[in-house]
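Residues per chain, in single letters:
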Amino acid sequence: IPVLPLTFMLNAGMWRDICPLATANMLMSSRPSRDLTGSWISWSASIGILLLFVLVPARRFLFNMDGPILAIVVLAVTALAFTMGWFVKAKGGFCNSICPVLPVEKLYGQAPLFAVRNARCVPCTHCTAKGCQDLDPVLSVRQSVGNGGGVKDWIRTPFGVFAAAFPGFIFGYFQLSDGVLSDFLTVYGTILGYAAVSLVGFAVLSLALRIPSHRLLPVLGGLAVGIYYWYAAPASLAAFDLAGGEVLKWVMTAFVAFWLSRALRHATPLPTPHKHGTARAVTPTFPLPQAPR
């Protein structure tokens, strides 16, 4: 888990090409089924964010201590990914819709450092009308906040709410230690409380300073992943009785700063909004692989 945010910053496609849940979701990809279109895109994004905000805090009072319960949840989510692949074409059923990791992939993967070919969707079936992370990770996050993502509009989208709340969510998680099941109210209250403060604070800041989403989203992503590694880097080495946690913390901070400066340099608004329900051509930076012969 501590390695995943780093891979998302390099390119989220590295994980999406090998994710076991994606394998379960794609098992029925050859079966004729519907696309993910219309209002279901927003609804599915909300479901994925809700799952993330429910499951991650539960690590503190349940999953980190109870292996069998964690295994049951993993199997249940795998079954959900497989089932959704039966009803919605390809990755539209789970990976591009209700996957709880998807919003994190988008936030951390909005400025990938190098291109990764999509090894699963060959050829592309346009299972999702817009916002496909595999098709174009840069465009995906922009479309998740309504294409241009104006100052007054981006925070009203599910992904906008998530992005503004996530730095506080991460910070709140690391203010707690693992406990017992009876601590669940304290855990959710603490983590979601910090998330709420983060959401309100960044929303007010964005409106007061008129910061557009293409400028603020990289900051939110960099801040969230920076907070994560500030705490997780030393803890990860300490878990294996390895030294160097403080050094790794600063190394990761420097890397996040590099990623953020690069993301801000390349951050530009979309020149024109794309029509809802219309798939966008792939940019030369992230080409789709050719179908095997």
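Structure report, in brief. Note that this is a predicted model, so its numbers are computed, not measured.

1. Re the overall build of the protein
Stage number 1. The secondary structure content of the protein amounts to 11 helices and 0 strands.
Stage number 2. Going residue by residue from the N terminus, the α and β elements of the protein occur as α-α-α-α-α-α-α-α-α-α-α.
Stage number 3. In the protein, which comprises 293 residues, the share counted as buried stands at 45%.
Stage number 4. When the accessible area of the protein is evaluated, it comes to approximately 14400 Å², of which 70% is carbon and sulfur surface.

2. Brief notes about the packing of aromatic side chains
Stage number 1. Evaluated as defined, the whole model comprises 15 aromatic pairs.
Stage number 2. Look at Trp-230 and Trp-250: their rings are 4.9 Å apart centre to centre, the planes differ by 85°, and that puts the pair in the edge-to-face class. Here Trp-230 is found in helix α10 (residues 213–238), whereas its partner Trp-250 is found in helix α11 (residues 245–266), with 20 residues between them in sequence.
Stage number 3. Residue classification places Trp-230 among the partly exposed positions, given a relative accessible area of 31%.

3. Quick word on the environment of Leu-80
Stage number 1. Looking at the secondary structure, you find Leu-80 in helix α5 (residues 67–87).
Stage number 2. Between the C-alpha atom of Leu-80 and that of Gly-93, which follows or precedes it by 13 residues, the distance is 9.3 Å.
Stage number 3. Excluding anything up to four places from it in sequence, Leu-80 contacts Phe-94 and Ile-98.

4. Thoughts on the pattern of salt bridges
Stage number 1. Applying the stated criterion to the full structure yields 6 salt bridges.
Stage number 2. For Lys-89, the salt bridge goes to Asp-35, with nearest N and O atoms at 2.8 Å. Of this pair, Lys-89 sits in the loop between α5 and α6 (102–108) while Asp-35 sits in the loop between α3 (20–26) and α4 (40–63), placing them 54 residues apart in sequence.
Stage number 3. Using a relative accessible area of 19% as the deciding quantity, one classes Lys-89 as buried.

Calculation notes
- Residues numbered from 1 in each chain as written.
- Predicted model: local features only at pLDDT ≥ 70, side-chain atom pairs only at ≥ 80, totals over all residues.
- Heavy atoms only, no water.
- Helix = DSSP H or I, 4+ residues; strand = E, 2+ residues; numbered from the N terminus.
- Buried < 20%, exposed > 50% of the residue type's maximum accessible area, 1.4 Å probe, protein only.
- Areas by Shrake-Rupley, 256 points an atom, 1.4 Å probe, with all protein chains shown as cover.
- Phe/Tyr/Trp six-rings, centres within 6.5 Å; stacked < 30°, edge-to-face > 60°.
- Contact = heavy atoms within 4.5 Å.
- Salt bridge = Lys/Arg side-chain N within 4 Å of Asp/Glu carboxyl O.

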